[in-house]
Amino acid sequence: MKVSLNWLKQFVNIDGLTPEQIADRLTFAGVEVESIEKGSIATNLVIGQVVECENMPNSDHLHLCKVNVGDNVLDIVCGAPNVRVGLKVIVALDGATLPGGTIKKGKIRGYESNGMLCSLLELGVEAKYLRDEQINGIEEVNDEVAVGSTNVLELFGLDDVVLDLKLLANRSDCNAMINVAREIKTLFERDINLPVPSQHELVENDLIINSETKLCSQFSGRVVRNIKTKPSPKWLKQILQSEGIRSINNVVDIGNYIMLLTGQPLHMYDLDKLPKNELIVRDDYEGDFIALDEKTYKLQKGDIVITSNNRVMCLGGVMGSLECAVDENTKNIVIEAANFDFASIRRTSIRLNLSSDSSMRFVKGINPNQYDYVMDLTVDLLSSLCDASEISKTKTYLEKEIKQTILSCPISYINNRLGTTFSDEQIINALERAHLDVVNEDGLLTVKVPFQRIDILDKADLSEEVIRILGFDNVVSELPSAKLSVGKLDENVFNKRIVRDYLRNCGLDEQLTYSLIRKEEVNAFNILNKDESYHIMHPLTDEHEYVRTNILPSLMNVLEYNLNHGESNLSFFEVSDLYSVNHKSIHLAIILNGLNLREGRLISEPYNFYHMKGLVEGIFKCFNIEPNRYTFVRSNEKEFHPGKSANIILQGKNIGVFGELHPTILKKYSLKNSPIVLELDLETIFNTPTGLKKMSPISKFPTVSHDLAIVVKDNINSEDIIKEIKSTNRNLIKNAEVFDVYKGEHVESGYVSLAISIIYGNNEKTLTSDEINNVETKIIANLEKKFQATLRK
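The shown structure was predicted, so the numbers you read here are calculated from the model rather than taken from an experiment. (Residues numbered from 1 in each chain as written. Predicted model: local features only at pLDDT ≥ 70, side-chain atom pairs only at ≥ 80, totals over all residues. Heavy atoms only, no water.)

Novice: Break down the sheet that holds strand 33 (residues 583–593) for me, with residues and values.
Specialist: Spatial ordering of the open sheet is given by 29-32-33-39-38-37-36, a layout of 7 strands whose pairing is mixed. Bordering the open sheet on either side are strand 29 (509–510) and strand 36 (630–634), each of which pairs with just one other strand. Pairing between strand 37 (residues 640–650) and strand 38 (residues 653–661): 7 bridges, direction antiparallel. Counted as the bridge partner of I648 is G656 from strand 38. Its contacts with the sheet place helix 15 (residues 552–564) against strand 32 (570–580), strand 33, strand 37, strand 38 and strand 39 (676–681), and it is angled at close to 25° to strand 33. (Pairing = 2+ DSSP bridges. Helix = DSSP H or I, 4+ residues; strand = E, 2+ residues; numbered from the N terminus. Contact = heavy atoms within 4.5 Å. Axes fitted to C-alpha atoms, helices over the stretch in contact; angles between N-to-C directions.)

Novice: If you had to explain the side chain of N205 to someone new, which residues and values would you point to?
Specialist: Along the chain, N205 turns up in the loop between strand 13 (202–203) and strand 14 (208–211). A polar atom in the side chain of N205 sits 3.0 Å from the backbone nitrogen of L207. At 3.0 Å, the side chain of N205 forms a polar contact with the backbone oxygen of K393. Contacts of N205, omitting those with residues within four sequence positions, involve G221, R222, V223, S392, K393, T394 and K395. (Polar contact = N/O pair within 3.5 Å; in protein donor to acceptor, adjacent residues only side chain to side chain.)

Novice: An account of the sheet that holds strand 4 (residues 63–68) is requested, with residue identities and associated values reported.
Specialist: Strand order in this open sheet of 5 strands is 5-4-3-6-11, and the pairing throughout is antiparallel. Bordering the open sheet on either side are strand 5 (73–78) and strand 11 (115–118), each of which pairs with just one other strand. On average, each strand axis in the sheet is inclined to that of its neighbour by 45°, with strand direction left out of account. Pairing analysis gives 6 bridges linking strand 3 (residues 45–55) to strand 4, with the strands arranged antiparallel. Its bridge partner lying in strand 4, E52 is registered against K66.

Novice: Any chance you could break down the nonpolar core for me, citing the residues and the numbers?
Specialist: By size, the foremost hydrophobic cluster in this structure holds 57 residues, and its most contacted members are L8, L26, L165, V224, Y257 and I333. It is helix 10 (residues 371–385) that provides the largest number of residues to this core, a total of 8 residues. (Core = buried A, V, L, I, M, F, W, Y, C linked by side-chain atoms within 4.5 Å. Buried < 20%, exposed > 50% of the residue type's maximum accessible area, 1.4 Å probe, protein only.)

Novice: How would you summarise the packing of aromatic side chains if you had to cite specific residues and measurements?
Specialist: Applying the stated criterion across every chain yields a total of 11 aromatic pairs. Ring centres 5.2 Å apart and planes at 35° place the aromatic pair W7 and Y257 in the tilted group. Note that W7 is positioned in helix 1 (residues 5–8) and Y257 in helix 7 (residues 250–262), a separation of 250 residues in sequence. Exposure class is identical for W7 and Y257. Each is buried. In this structure, K459 packs its charged tip against the face of Y413, placed 4.6 Å from the ring centre. (Phe/Tyr/Trp six-rings, centres within 6.5 Å; stacked < 30°, edge-to-face > 60°. Lys NZ or Arg CZ within 6 Å of the ring centre and 35° of its normal.)

Novice: Report on helix 12 (residues 424–433), specifying residues and quantitative values.
Specialist: Among all positions of helix 12, only I427, I428, A430, L431 and R433 are buried. Its buried side turned inward, helix 12 meets helix 5 (177–188), helix 11 (411–418), strand 27 (437–441), strand 28 (444–448) and helix 13 (459–470). Immediately beyond the C-terminal end of helix 12, within one or two residues, lies H435, with a positive phi of roughly 70°.

Novice: Tell me about the pattern of salt bridges, and please be specific about residues and values.
Specialist: Counting across every chain of the model gives 37 salt bridges. Two residues, D173 and R453, come together in a salt bridge whose shortest N-O distance is 4.0 Å. With D173 in the loop between strand 12 (161–166) and helix 5 and R453 in the loop between strand 28 and helix 13, the pair connects residues that are 280 residues apart, well separated along the chain. On the basis of relative accessibility, which here comes to 7%, the residue D173 falls in the buried class. On the basis of relative accessible area, R453 is assigned to the buried category, the value being 5%. Between D387 and K230 there is a salt bridge whose closest N-O contact spans 3.3 Å. (Salt bridge = Lys/Arg side-chain N within 4 Å of Asp/Glu carboxyl O.)

Novice: Explain the side chain of N593 to me, and be specific about the residues and the numbers.
Specialist: Topologically, N593 is positioned in strand 33. A polar atom in the side chain of N593 sits 2.7 Å from the backbone oxygen of S568. When neighbours within four sequence positions are excluded, N593 is seen to be in contact with L559, L563, S568, N569, L570, Y607, N673 and P675.

Novice: An account of the state of the cysteines is requested, with residue identities and associated values reported.
Specialist: This model, assessed by the stated rule, comprises 0 disulfides. Take C216: it sits in no disulfide, and the sulfur closest to it among the cysteines is that of C314, at 11 Å. This cysteine, C622, is not joined by any disulfide, and C506 carries the nearest cysteine sulfur, 8.0 Å off. Note on C622: relative accessible area 32%, which makes it partly exposed. (Disulfide = S-S within 2.5 Å.)

Novice: Describe the environment of M695, and please don't skip the residues or the numbers.
Specialist: By the element assignment, M695 lies in the loop between helix 18 (682–686) and strand 40 (704–713). Note: C-alpha distance between M695 and P553 (142 residues apart in sequence) is 42 Å.

Novice: Account for the pairing of strand 27, naming residues and giving values.
Specialist: Strand direction decides the pairing type here: strand 27 and strand 28, joined by 5 bridges, are antiparallel. Following the sheet pairing, D437 is matched in strand 28 by K448. Connecting strand 27 to the antiparallel partner strand 28 that follows it, the hairpin turn spans 2 residues, and D442 within it adopts a positive phi of roughly 55°.

Structure (structure tokens):
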């Protein structure tokens, strides 16, 4: 909201107050002033009259002028096309300061020039407020203005100072000039003079007014006939200009003026263009709507529309229809003042990308009980500026009676909440200064809240009114009591930190990618969570249109970017919270690509399946999950290479997948060689119950290692073989691991040779060869029986 001090002082006495004093007091009272702007910074100006004007020799546009400035006649060179003898002009004298710089006398093509003839554009007025002839030439001053006058800025309304208010959501009342005047009166205890409408002879109103939706609680209409559309007077143009609004014509300008004055948006219809003598508010219309900006918008159910004979005449609170627009031929109009549902206006405005001063005021909230006052002020101006000769009574639809808010509040509550010691008189005086009607009965205040203060809803709001008016410096500075408590991270945050620290210690780099993805990536790597993704209603770009349900598509883009920039040896990960329509989870994704470099670049080997498997096992170990609780099985996921990837099964649930990518995916990302990738559901791991880690003393007796080479079918999981070996004798078999896999010569097709190292030991004694051989014989027999395994010759 912009507040012109020239306009403000028509309603409240601000004599003796500087703009800075007003701005500081408003800001510290909760109405922040973001900036103080002057109408123009121009100095050393005077009104002059051109007494001679000749074309400059050898120039197609410059003129040699003699200009009478009252006490002197100056030679000035001017290039404006409209300069002529007898014209009164604005003269910037030698030393004058303009927005474009300082004016100095000098010579132009050898001819002396002692100043400059100015346009309003050169004084700092924006082009949107000026006509083409004002932009292309110098300003033509009214003949009635005396030559030699130095109050140039005042003549054009440029001596104004404008405060730009940055209003918080609770002070929407200050979107009206009369309420800003009330606020100044409250803070500085000044006299106030609000406009009072005149009485007019009224005729009956036969216009049908109604609402068929709960989204409109009040709708008023008033007919005004025999108006004349013409340019607005100078004072009205200057007020609108100070508020950042361009003058259109007297009818439109009156609507904007009343909105700025009262905060109540108005809309005016050409009565003769209405299909039927009615205005009906609805919210069930679906179809096209041609607005005043001549664009077509698609409306849907829930949009508030004002209709006549089932045709849309206005998109309520947002923009009118071109069909019934007021123009230079309009003679009879209908004035609309309404109160629409703020949430509906906001949704419609955002969806259609239509925002205006009117919609902003509806969204933030308006005074619900000022429609009669606003109508009367409007017809006052229509009568005086548009020569209206017939004014009807106001006809209003009202959903229910508008009741004034009445609050009860003990005086002691205010002091206790604020930590102050204000007297009863100080508190009551502060509330009355805020235009509240207060009755005190033995320390219990009964307060009637004025309709414009829609933010005062509870006794806590009353205490805030008291302290902002009396000053926050009345709050005693006191250190709070310091109660010690044990700080603790959220359990999921703590567990995520464990995973991050482990992977960083393993040499991986952590990534942080955007959680929004493009439509094509929604179903990519959609393995662990197949739930529906959230769709952003108004995405900034097509690249960020959906909320991701997995991380791998984002990390694949990181990989592709780095490869395109010459980086091939990469190992990175990301941990992220993921959200879908019916699900929330925590995922980890890892990508290993190229060479695993150690000791600088002295040792290197290509990343493979087992590097990733080791990282996964390490994560399980971080959370004390024993190997017998999880397993790795061959994966058939479409994005992964069959036979070179595995699913991770924890207690019967698939919680992840890792391995090489399918050739079709490699082609999609233009990859020559496959990285090793992983997507893992961490939340399931975090929620898996585990006991405390059991500790046991190191055995005093030596262990014995035997190697066993067996041949089995290649579709048998090595994990199952290891489990079978360990289960043969859990007391003596300490560990078993596959250390070699062979396919080729001397091994039948469809079979594979596994070399397994078995560790035997006993905590009570040293094992004999017979004891070890007996166990090994049982192992071979069990493997032969269960897996049809044979010893490799």
